[in-house]
Amino acid sequence: MTPIRLYLSNDSSSRAAGAEQLADAWRDRSEIQLIHTSSRGAFFLEPMVERDTPGGREAWFNVRPNDLPRIVAGVGGTKVAEIPFLQQQTRFTFANFGITEPLALDEYQSRGGFKGLAVAQSLSPEAIVDALRLSGLRGRGGAAFPVWKKWQVAQQTESEQKYVVANADEGDAGTYSDRMMMEGDPFRLIEGMMICARAIGATRGYLYCRYEYPAAAWAMQFAIQKAREADLFDCDDYPFDLEVVIGAGSYVCGEETALLESLEGRRGVVLAKPPYPAVSGLYGKPTIVSNVLTFATLPNILAQGGAWHASLGTEGSRGTMALQIGGRVKQPGLVEVPFGLTLRDVLDRFGGGMAPGARLKAVQVGGPLGSLFPESQLDIPICYDAFAGAGAILGHGGIVVYDAETDMVDLARHFMAFTADESCGKCTPCRVGSVRGREILERIQSGQGTSEDLMLLSDLGETMKSASLCALGGRAPYPVLTAIEHFPEEFRLKAKG
Amino acid sequence: MTTGHNSTLADVLERCRPVPPASPNILKTLLAVQSALGHIPMSGILQIAQVLGVTDAQVAGVLSYYSDLRTQPTGRHLIRACMGESCMANHSARVLRAIQDYLCPAAGDASQAERFTVDTMSCAGNCAMSPTVMIDEHLCGRVTPSDVPSLLEAQVLRRKTEGGRPKAED
Ligand SMILES: Cc1cc2nc3c(=O)[nH]c(=O)nc-3n(C[C@H](O)[C@H](O)[C@H](O)COP(=O)(O)O)c2cc1C
Ligand code: FES
């Protein structure tokens, strides 16, 4: 009898959920063959096991080792196409997730992989930039800058050496889409970086991966080696090569100039711009630093055209966004949808409400520098303009939901302490401001604070916002000040007098 | 995690010696030292600087800048509780307290300090499985305070039997 093929995710979070335990327990079972795929991102259902049926894949959720007989008998499965969390998504960048084996180059190619690069190779560098302009793609790392503008500068700057660098520092707590991409579809990132290299004339690429992602770094190294052996890097007139470099635990190293300093082996401090990296970056050469997901979006744009990409999403926010839902929700996971749904929609439809017994207090979007939203302000559409209008950021798409037990003063103190720890020290507003901010919040938390302290915090926040060198100091006051704005009674109660 | 560090600083540095025209990369070298020795001894700074052809102040500057570079040996097991926002929202502070309570019954117990180092981290990218605890390289998710004792014992015991030299003292 031929063994039944069972699909199990090899993603780090799936393994943490129990997939590793299943693989161990079932290793010697001859009636099955385990295929290790990427994860669909519905982590609340993990470990999830799938098998083929005439009507498409069926899945079993939250599987334990002794569920195997049920799965082999085909009893109690759910059609993957009918899982609401997945059914309501629009998967383009994450289209292969849960389906392919991440390190199988032939599977990537058989599902359209490297078509985008082939199109790019048939175009002039200027035409590639035009396609990007038409697509309306903005960077996914946080600053949301139009991708084509950066590329045009790097393309037009004369130099015998140029670089392309993938920012895989993924420092925002609450985000994991870059990690999933590197572990789950590494060839897509490689293809995207090669498209960029072709457009600007770079021959060398680096991937700066955070220390906390050993599995992602390993998968990328393996995929790069495979691509090299398959001669994929030897395209037409110039050779290309790619190297993975590991960081060492500094949030500010996600900022592009600090990242390049770190790549050269120095302290990762932020540099004043200009010059922009596109003009003078790594070793003083024109360099494009982009987020992992920005690169991973490129293959589809080239293969399907800029107009296709521009037809998705909203006026100023084209395409799809990978949102990562975390915190105290029932259904945490990765959600790829076109821009434009409201935050409430996303939480209701995908987040599935609060974890059992929890009540919603606040939602933070955009990582540790993102603003807090109370329940009454969740109707904001997920797009860059609406968030900018509200003084908020989408950042890298992290959404963290806090429950009623959260102490807002302590949370605000945590944010300021984070900035004080992570400040690179280059500019005074951030270096000194964050320490003062933390001290004030510690005073309030210990019951020693006064209402004057709250005013002081607000003044300090304004200075940090306007005078910091980068967004670490510039955005750090937002989560603190929005906490005070929306939950003033908690602060007042502690800061009497 | 800190077993099997048999190479010497000189061995590692020999492998990291920059070959012109490549410029010396301090961070990469320090990471290589840490991965070979488990930590970066302060006493090695001068030697590292000499091999790289940079000043010892430059090496010390990079060493003090990055939080993942360690100048002290860790216990045989490194246990990190995530304090990132998704884990915080899932009350990871309670998990951290449970770890500390379980491992440090008597503060200053030297045999425990040799065995375990407890630390925090800012995000492991495991936020959909919050709260997260990392035991050495092993990622654990949905950790509740009451899971902590069995989790720690299971991971430590598992490591004992898995590959490598068995470590009776664990
Ligand atoms: C403090 C700070 C941390 C940052 N961290 C990251 C990060 O982890 N990943 C990332 O892609 N961009 C990060 N950025 C944004 C980068 O500076 C840069 O804008 C981005 O990598 C450009 O890529 P994109 O155009 O694809 O977004 C950070 C910025 C700041 C100020
Ligand atoms: S916030 Fe803890 S793993 Fe991301």
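Residues numbered from 1 in each chain as written. Chains lettered and ligands numbered in written order. Predicted model: local features only at pLDDT ≥ 70, side-chain atom pairs only at ≥ 80, totals over all residues. Heavy atoms only, no water.

Draft legend 1. Representation of the nonpolar core. Core analysis: the largest hydrophobic core is formed by 74 residues, its most contacted members being Leu 263 and Phe 491 of chain A together with Leu 30, Ile 48 and Leu 69 of chain B. Among all residues touching Leu 69 of chain B, those that are not within four sequence positions of it are Ala 248 of chain A together with Leu 27, Leu 30, Leu 31, Gln 34, Ile 40, Val 62 and Leu 63 of chain B. Judged by nonpolar contacts, the second largest core, of 68 residues, contains Ile 128, Ile 190, Ala 223 and Leu 312 of chain A. (Core = buried A, V, L, I, M, F, W, Y, C linked by side-chain atoms within 4.5 Å. Buried < 20%, exposed > 50% of the residue type's maximum accessible area, 1.4 Å probe, protein only. Contact = heavy atoms within 4.5 Å.)

Draft legend 2. Structural view of the site of ligand 1. Residue and element names in this part refer to chain A. Taken together, 21 residues are adjacent to ligand 1, and Gly 141, Asn 167, Glu 256, Asn 291 and Thr 294 come closest. One nitrogen or oxygen atom from the side chain of Asn 167 is found 2.9 Å from an oxygen atom belonging to ligand 1. Separating an oxygen atom of ligand 1 from a side-chain N or O atom of Thr 294 is a distance of 2.6 Å. Coverage of ligand 1 by the protein amounts to 91% of the 610 Å² it exposes when considered alone. (Near = heavy atom within 4 Å. Polar contact = N/O pair within 3.5 Å; in protein donor to acceptor, adjacent residues only side chain to side chain. Areas by Shrake-Rupley, 256 points an atom, 1.4 Å probe, with all protein chains shown as cover.)

Draft legend 3. Focus on the side chain of Asp 136 of chain B. Residues and elements named next belong to chain B. Mapping Asp 136 onto the fold places it in the loop between strand E3 (133-135) and strand E4 (138-140). Residue classification places Asp 136 among the buried residues on the basis of a relative accessible area of 2%. Here the side chain of Asp 136 touches His 77 through a polar contact of 2.8 Å, side chain to side chain. (Helix = DSSP H or I, 4+ residues; strand = E, 2+ residues; numbered from the N terminus.)

Draft legend 4. Molecular detail of the packing of helix H3 (residues 45-52) of chain B against helix H4 (residues 56-65) of chain B. Residues and elements named next belong to chain B. Contact geometry for H3 and H4: axes closest at 8 Å, N-to-C directions at 115°. Our classification of the angle between H3 and H4 gives roughly perpendicular. Crossing hand, H3 versus H4: right-handed. Between H3 and H4, the contacting residues are Ile 45, Leu 46, Ile 48 and Ala 49 on the first element and Asp 56, Val 59, Ala 60 and Leu 63 on the second. Here the residues of the contact of H3 with H4 sort into 7 nonpolar, no polar and 1 charged. (Axes fitted to C-alpha atoms, helices over the stretch in contact; angles between N-to-C directions. Parallel < 35°, antiparallel > 145°, perpendicular 65-115°, else oblique. Left-handed = near helix turned anticlockwise from the far one by under 90°. Nonpolar A, V, L, I, M, F, W, Y, C, P; charged D, E, K, R; others polar.)

Draft legend 5. Looking closely at the pairing of strand E16 (residues 398-403) of chain A. Residues and elements named next belong to chain A. Where burial is concerned, most of E16 is hidden: 6 out of the 6 residues are buried. Burial along E16 is two-sided: the residues Gly 398, Val 400 and Tyr 402 and Ile 399, Val 401 and Asp 403 are all buried. Note: strand E12 (residues 320-327) against E16, 4 bridges, orientation parallel. Note that in E16 the partner of Gly 327 across the bridge is Val 401. In terms of strand pairing, strand E14 (residues 360-365) meets E16 through 5 bridges, oriented antiparallel. Paired with Gln 364 across the strands is Val 400, a residue of E16. (Pairing = 2+ DSSP bridges.)

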